[in-house]
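Fold and contact review
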Amino acid sequence: MRITPDEVRQVATLARLSFSAEELDELTQHFDTILTYVDKLGELQTDSVEPTAHAVAVSAPLRDDVVTNTPSAAQTDALLANAPSRKTYFFRVPKIIE
Amino acid sequence: MSHHALTIHQARQKLRTREVSAVELAQSVLARVRQTDERLHSYLTVCAEEALAQAEAADRMLANGATPPPLCGIPVALKDVILAQGVRSTAGSKILEQFIAPYDATVTQRLKEAGAVIIGKVNCDEFAMGSSNENSAFTPCRNPWDTDRVPGGSSGGSAVSVAADLACAALGTDTGGSIRLPAAFCGIVGLKPTYGRVSRFGVVAYASSLDQVGPCTKDVRDCAILLDVIAGHDPRDSTSVNRPTPSYTAHLERGVSGLRIGIPQEYFIEGMQPEVETAVREAIAHLQSLGAEVVPISLPHTEYAVATYYIIAMAEASSNLARYDGVRYGYRASEVEDLGALYQTTRAQGFGSEVKRRIALGTYVLSAGYYDAYYLKAQKVRTLIRQDFLNAFEACDTIATPVAPTTAFRLGEKLADPLTMYLSDIFTIAVNLAGLPGLSVPCGFDQHGLPIGLQLIGPPFEEEVLLRAGYAYEQDHDWRTRKPPL
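Definitions and cut-offs
- Residues numbered from 1 in each chain as written.
- Chains lettered and ligands numbered in written order.
- Predicted model: local features only at pLDDT ≥ 70, side-chain atom pairs only at ≥ 80, totals over all residues.
- Heavy atoms only, no water.
- Helix = DSSP H or I, 4+ residues; strand = E, 2+ residues; numbered from the N terminus.
- Rg over C-alpha atoms; globule rule 2.2 N^0.38 Å.
- Buried < 20%, exposed > 50% of the residue type's maximum accessible area, 1.4 Å probe, protein only.
- Contact = heavy atoms within 4.5 Å.
- Areas by Shrake-Rupley, 256 points an atom, 1.4 Å probe, with all protein chains shown as cover.
- Expected span 1.5 Å × (residues − 1).
- Polar contact = N/O pair within 3.5 Å; in protein donor to acceptor, adjacent residues only side chain to side chain.
- Disulfide = S-S within 2.5 Å.
- Pairing = 2+ DSSP bridges.
- Axes fitted to C-alpha atoms, helices over the stretch in contact; angles between N-to-C directions.
- Salt bridge = Lys/Arg side-chain N within 4 Å of Asp/Glu carboxyl O.
- Buried area = accessible area lost by both parts, 1.4 Å probe.
- Nonpolar A, V, L, I, M, F, W, Y, C, P; charged D, E, K, R; others polar.
- pLDDT = per-residue confidence, 0-100.
- Parallel < 35°, antiparallel > 145°, perpendicular 65-115°, else oblique.

From N to C terminus, chain B includes 15 helices and 11 strands. Against the 2.2 N^0.38 benchmark of 23 Å for 486 residues, chain B shows a C-alpha radius of gyration of 21 Å, consistent with a compact globule. Overall, chain B is about 65 × 55 × 45 Å in size when its C-alpha atoms are taken along their principal axes. Expressed as a percentage of the 486 residues in chain B, the buried residues total 67%. Excluding contacts between residues fewer than 6 apart, the proportion of contacts in chain B whose partners are at least 24 apart in sequence is 76%. When the accessible surface of chain B is summed, it comes to about 15,500 Å², and 47% of that surface belongs to carbon and sulfur atoms.

Let us now look at helix 10 (residues 339-350) of chain B. Residue and element names in this part refer to chain B. For helix 10, with 12 residues, the first-to-last C-alpha span of 16 Å sits near the 16 Å given by 1.5 Å per residue. Taken together, the buried residues of helix 10 touch helix 11 (353-366). Between the side-chain oxygen at the start of helix 10 and the backbone nitrogen of Gly-340 there is a gap of 3.1 Å, and the oxygen is on Asp-338.

Throughout this description, disulfide means a covalent bond between two cysteine sulfur atoms. All names here are of chain B. Counted by the stated rule, this structure contains zero disulfides over all chains. Unpaired in this structure, Cys-216 has its nearest cysteine sulfur neighbour in Cys-223, at a distance of 8.4 Å. Free cysteine Cys-443: the closest other cysteine sulfur is in Cys-186, separated by 15 Å. The class for Cys-443 is buried, based on a relative accessible area of 3%.

Another aspect to go through is the sheet that holds strand 10 (residues 438-445) of chain B. Residues and elements named next belong to chain B. The sheet built from 11 strands is open, its strands ordered 1-3-2-4-6-5-10-11-9-7-8 with mixed pairing. Of all the strands in the sheet, the pair left with one neighbour each is strand 1 (43-46) and strand 8 (293-297). Here the strands of the sheet are splayed against their neighbours by 30° on average, with no regard to which way each runs. Here strand 7 (residues 260-264) pairs with strand 9 (residues 398-402) via two bridges, running parallel. Within the sheet, the bridge partner assigned to Gly-262 lies in strand 9 and is Ile-399. Across the sheet, helix 2 (residues 22-40) lies against strand 1, strand 2 (75-79) and strand 3 (117-122), angled at about 135° from strand 1, the strand it touches most.

Residues and elements named next belong to chain B. Going through the model one piece at a time under the given rule, you end up with 19 salt bridges over all chains. Between Arg-281 and Glu-277 there is a salt bridge, and its shortest N-O distance comes to 2.9 Å. Residue Arg-281 and its partner Glu-277 are both found in helix 8 (residues 274-289); the two are separated by four residues, about one turn of the helix. A relative accessible area of 40% means that Arg-281 is categorised as partly exposed. A salt bridge links Glu-354 to Arg-357; the nearest nitrogen and oxygen atoms lie 2.5 Å apart. Note that Glu-354 and Arg-357 are positioned in helix 11 at a spacing of three residues, about one turn of the helix. According to the relative accessible area criterion, Glu-354 is buried, its value standing at 6%.

Moving on to the interface of chain B and chain A. Counting residues at the interface gives 61 residues for chain B and 50 residues for chain A. Buried area between chain B and chain A, both sides added, is near 4,900 Å², and the carbon and sulfur share of it is 69%. When the shortest N-O distance is used, the salt bridge between Lys-40 of chain A and Glu-303 of chain B registers 3.3 Å. Contributions of two or more residues to the side of chain B that touches chain A are made by helix 9 (305-320), helix 10, helix 11, helix 12 (371-392), helix 13 (418-422) and helix 14 (429-434) of chain B. Split into classes, the residues belonging to the side of chain B that touches chain A amount to 35 nonpolar, 14 polar and 12 charged.

As a further point, take the confidence of the model for chain A. Per-chain confidence: chain A averages 91 in pLDDT, with 100% of residues scoring 70 or above. The spread of mean pLDDT over the elements of chain A runs between helix 3 (residues 73-80) of chain A, the lowest at 90, and helix 1 (residues 5-14) of chain A, the highest at 95.

Our focus in this paragraph is the confidence of the model for chain B. The share of residues in chain B with pLDDT of 70 or more is 100%, and the mean pLDDT across the chain is 96. Across the interfaces of the predicted complex, the ipTM metric reaches 0.95, alongside a pTM of 0.97.

Attention now goes to the packing of helix 2 of chain B against helix 3 (residues 48-63) of chain B. Residue and element names in this part refer to chain B. At a closest axis distance of 7 Å, the pairing of helix 2 and helix 3 adopts a crossing angle of 155°. For the element pair helix 2 / helix 3, the angle class is roughly antiparallel. Listed contacts from helix 3 to Ala-22, Val-23, Ala-26, Gln-27 and Leu-30 of helix 2 are Ala-48, Leu-52, Ala-55, Glu-56, Ala-58, Asp-59 and Leu-62. When its residues are assigned to classes, the contact of helix 2 with helix 3 shows nine nonpolar, one polar and two charged.

Below you can see the structure in the form of C-alpha cells.
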C-alpha cells in the first residue's frame, strides 16, 4: 500500500472531515488505486515545462476601490435566511472562547 | 407534434404567429413532467407557479407587437448548481438541501432578460462530481432510452429533461465532460464553451479553472440560439474573457467545404465499443463528402489527461468546498460541543462519499511534501496537453472524436470502482484542461437503441466552427427525430 489508514485519517483532519473505521479502510483502498494510477505522470520529463493554472491567460481585472453592491434590507435578509442559526445580523456558533 | 416536443426555433415560430401561447407551452411541458418524471427523476425542483407567471409575462410581450426577446416564452431547465433567485438550489447535495438562492446567476439573469420561462432545477451529481448522475444525494436520474441505464453525468438532469421533452432546452455545466457525456448518452446536442466565454458568477464552484456553463438542446440551431444568449463578458466573473461575441446563429448554414478536420489517432483506442467507432467514422466520412478535408493528427499526451484532470480538479474542489462549514448557510450538524466538531460533523454528515473522497484526495495532493509531486506535476502536464492541441490546430480547424468509448452503461456498473468511473471521461477531459470548446452531436444508435455522440473540438473561441460543422452533419441525418420510448 502506498498510504496507510493513519495517513488518510490525518488528511481527513486537515480537510475537516471524519470517517468511520470502515469508511477509512475503503477510502485508503481508493487512495491507493488512484495514487497508483496518477503515478503515470512520472513517466514524463517536465523539468523545463511551465505549469498552467488557467488555460486562458487573464490578468486580474482591477476596478476602483468603491462600494458597488450595497445590499438592500431585503437582500440582506435573503442572505441571512439561509443561516442555520442566527441572532439579528449575526451567525450563531458554538462557544469559541471560555 | 405535441407542444412539449418543440425545439426552441420551432416554438419561437409558433409563439410569434400566436399558434401557441407561452402559457400553453409551459402547461404542456409541466404536464409532461408530471406524467413522466416519476420514472426519470430529472427534476429536483419544479417551479410551476413561477413558470406560469413568466409565461404570462411572455404572452404579454408577444401580444404587444414589438420584436420579442430571443427566448420569449421558451421553457428552460437549469442544472441545480446554477442559482435562480428565490428558488431552492441544492447542487445535488444534502448540505444545500434547504438553500434558497438569494440572487440569480449571470446566465439565469440573461435567460430571464431573453424572456425564457424557467421550468425548474434539474438533477446532477453532487457538486457536479460524477459521470453517471448516481452521486446525486437525492435520487439518480435515469436514461430515457433505457431506465436501467445512467444518463451520464454530471449534468444528467439537463440532458434527460431535453431528451424526454421535459424542457425545450437546458443549461448544464462541464468540468471534465459533464455536458458532453450526458448529451451523448441521451442523444441530444451539448456544448462546453471555451473557458471564459460564459460567466460562472452564481454557479456553484467545483473546479474553478475547468468549470464552464453550456447549452443542452434538441438540435444544433437551438444550441447556437442559447449560446447567443449566455455568452459574453461579465465583470462579476474575473475569469470571464472580455472579447466580442459573434452571432453563433448567423453563419450556421455556411457549410464545411474546405474545413480541415483533424482525426487524433489516440482517440480511437482498443476496447472501444465497435459500434461507437463505426458511427463516429461514418460521421467524419459524411463531413468529408460535404467538402471537408480529413487530416490525421496526434495528441501525444492524451493518455495522461485523466490523471492530470483528477489531481487538478480534486485540488480545486478541496479548496472550493471548504466554504461548507455549517456556519453561514447550508446544513449544520446538531449537538456538537465546539466549533471544530461543528465543521467536521457537518461535513461528514452533509457530503456524500464521492465528494468526501475528492476533498480528501485534493487535500492530500496539496499538502506539504506532496504538492510538487502531484499538483505542480499535474499543472506542468496540463501545459503539455494544451500545447498538443495548439500544435494540432496548426494543421486543422476542428478535431473529431467520439464523446465516450461506449454508450450509456447500467446503473451500479461502475460504482464500486472510482477509477473505472473516472475513465468514462477519457475523451472529454483534455478539452477542459486545455480550455477549449467541445460540441457533442448525436451520430447514431447502437444495437440496443442507445445513442452515440460525435465530439467536435475547436481552437479557443471558435465555437462557431463546431456549430457550423455539427449543423451540416445534422441536416443530413434524422437521429433527432427519434424519441425515447416513454
